[in-house]
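So you can see what is in the structure, the chains are spelled out below.
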Amino acid sequence: MASGPSPSPVSIAVQFVLAGIVWGSSFLFIAIALTGMTPAQVAGGRLLFGALALGAIVAIRRERLPHDRRVWGHLCVLAVTFCAVPFLLFAWAEQHVSSGLASIFNATTPIMTAIMAWAVFRVEGLKPGQLVGIAVGILGVVVIIAPGAVTDVGNSTVAQLALLGATACYGFSLAYVRRFLSDTGLSGIALAFGYIGPAAALMLLLSPLILSEPMHLTPAVVGSIVTLGMLGTGLAYIWNQNVLRAWGPTRASTVTYITPVVGVALGVLVLGERISWNEPVGAAVVFVGILLVQQRLRMPRRASV
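Residues numbered from 1 in each chain as written. Predicted model: local features only at pLDDT ≥ 70, side-chain atom pairs only at ≥ 80, totals over all residues. Heavy atoms only, no water.

## Points about the overall build of the protein chain
(1) Moving on: Helix and strand counts for the protein chain stand at 13 helices and 0 strands.
(2) Moving on: Across the protein chain, helices and strands are ordered from the amino to the carboxyl terminus as α-α-α-α-α-α-α-α-α-α-α-α-α.
(3) Moving on: Against the 2.2 N^0.38 benchmark of 19 Å for 305 residues, the protein chain shows a C-alpha radius of gyration of 19 Å, consistent with a compact globule.
(4) Moving on: Taken along its principal axes, the extent of the C-alpha atoms in the protein chain is 65 × 45 × 30 Å.
(5) Moving on: Here the protein chain, with 305 residues, has 52% of them falling under the buried criterion.
(6) Moving on: Once local pairs closer than 6 in sequence are excluded, the contacts in the protein chain between residues at least 24 apart make up 90%.
(7) Moving on: Here the protein chain displays about 13,800 Å² of accessible surface, and carbon together with sulfur accounts for 68% of that area. (Helix = DSSP H or I, 4+ residues; strand = E, 2+ residues; numbered from the N terminus. Rg over C-alpha atoms; globule rule 2.2 N^0.38 Å. Buried < 20%, exposed > 50% of the residue type's maximum accessible area, 1.4 Å probe, protein only. Contact = heavy atoms within 4.5 Å. Areas by Shrake-Rupley, 256 points an atom, 1.4 Å probe, with all protein chains shown as cover.)

## Quick notes on the environment of Ala166
(1) Moving on: Mapped onto the fold, Ala166 is located in helix H7 (residues 155-180).
(2) Moving on: A relative accessible area of 0% means that Ala166 is categorised as buried.
(3) Moving on: In this structure, Ala166 is in contact with Pro86, Leu89 and Phe90, ignoring residues within four places of it in sequence.

## Some details on the nonpolar core
(1) Moving on: In terms of nonpolar packing, the biggest core is built from 74 residues, with Tyr195 and Tyr237 touching the most fellow members.
(2) Moving on: Considering every element that reaches this core, the biggest residue donor is H7, with 11 residues.
(3) Moving on: Discounting residues that sit within four places of it in the chain, Tyr237 has contacts with Trp23, Phe82, Phe87, Tyr170, Ala192, Tyr195, Ile196 and Gly232. (Core = buried A, V, L, I, M, F, W, Y, C linked by side-chain atoms within 4.5 Å.)

## Some thoughts on the side chain of His74
(1) Moving on: Assignment of secondary structure puts His74 in helix H3 (residues 69-93).
(2) Moving on: Among the polar contacts made by the side chain of His74, one reaches the side chain of Tyr176 at a distance of 2.6 Å.
(3) Moving on: The residues contacting His74, other than those within four sequence positions of it, are Tyr176, Phe180 and Leu181. (Polar contact = N/O pair within 3.5 Å; in protein donor to acceptor, adjacent residues only side chain to side chain.)

## A word on unusual backbone geometry
(1) Moving on: Despite not being glycine, Arg62 has its phi angle at roughly 55 degrees, a positive value.
(2) Moving on: Among the structural elements, Arg62 can be located in the loop between helix H2 (39-61) and H3.
(3) Moving on: Residue Arg62 is classed as exposed on the basis of its relative accessible area of 75%.

Structure below.
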């Protein structure tokens, strides 16, 4: 249970929508930041500003931080799997694919979460219809990747696989939180700071390597990395933790219904990106798979003889 009064259902729903909008915008900010920074610098910058924002909120609200070494150990695992690795993978991949496509791949997170929660951590069960949903979601991913892979197995295909690796990290981490950190008594703010802070510290330790390449800090690049950090890696993670505690990992991961719509729209409107036919078609198939996994769409029952 979280410390203090539990958020109302309306508050949780609002936080869910806000997190989806902010994270959908994050792919645009990553693309802009990459015009003046390396992928590692983008990942490190967003973690630094995210940790600063969360640290300030923790200090102002006097949030209770964990004292148990076991809890800190779990938080350090999340620092790697929920922050450092997927942030690096997303930033690297967006050098080779559009921000809109990256946001579409982010929509596979609920399927990854269901697989991890069921097969790895055993915190949720899956019915036959949900297993069908996972298979349908995988088919949707194949539709997205296959045309480019057939014509040229190059950086674009590798980047798309890297995006899947990032969402697998998210799925693992959401299930990990449910398995090991659901009963800490920490607030969403303290929990988010507990893994984003160590992730930022890790990137600072690596700064001699990260800062070996020069940065070109235009106002657009600086604005993007600050916004990406303080909103996308700060406030949105607090909202996500509150939703995760209230709804569970699989339902919380459906925030990725929102992110591709926002991400694709901003990519087209702001960056002038174009989408290929297979991307929205594959995304639609993935969404059908998610609906089956979430049991919002059910397989028809066989008529009794």
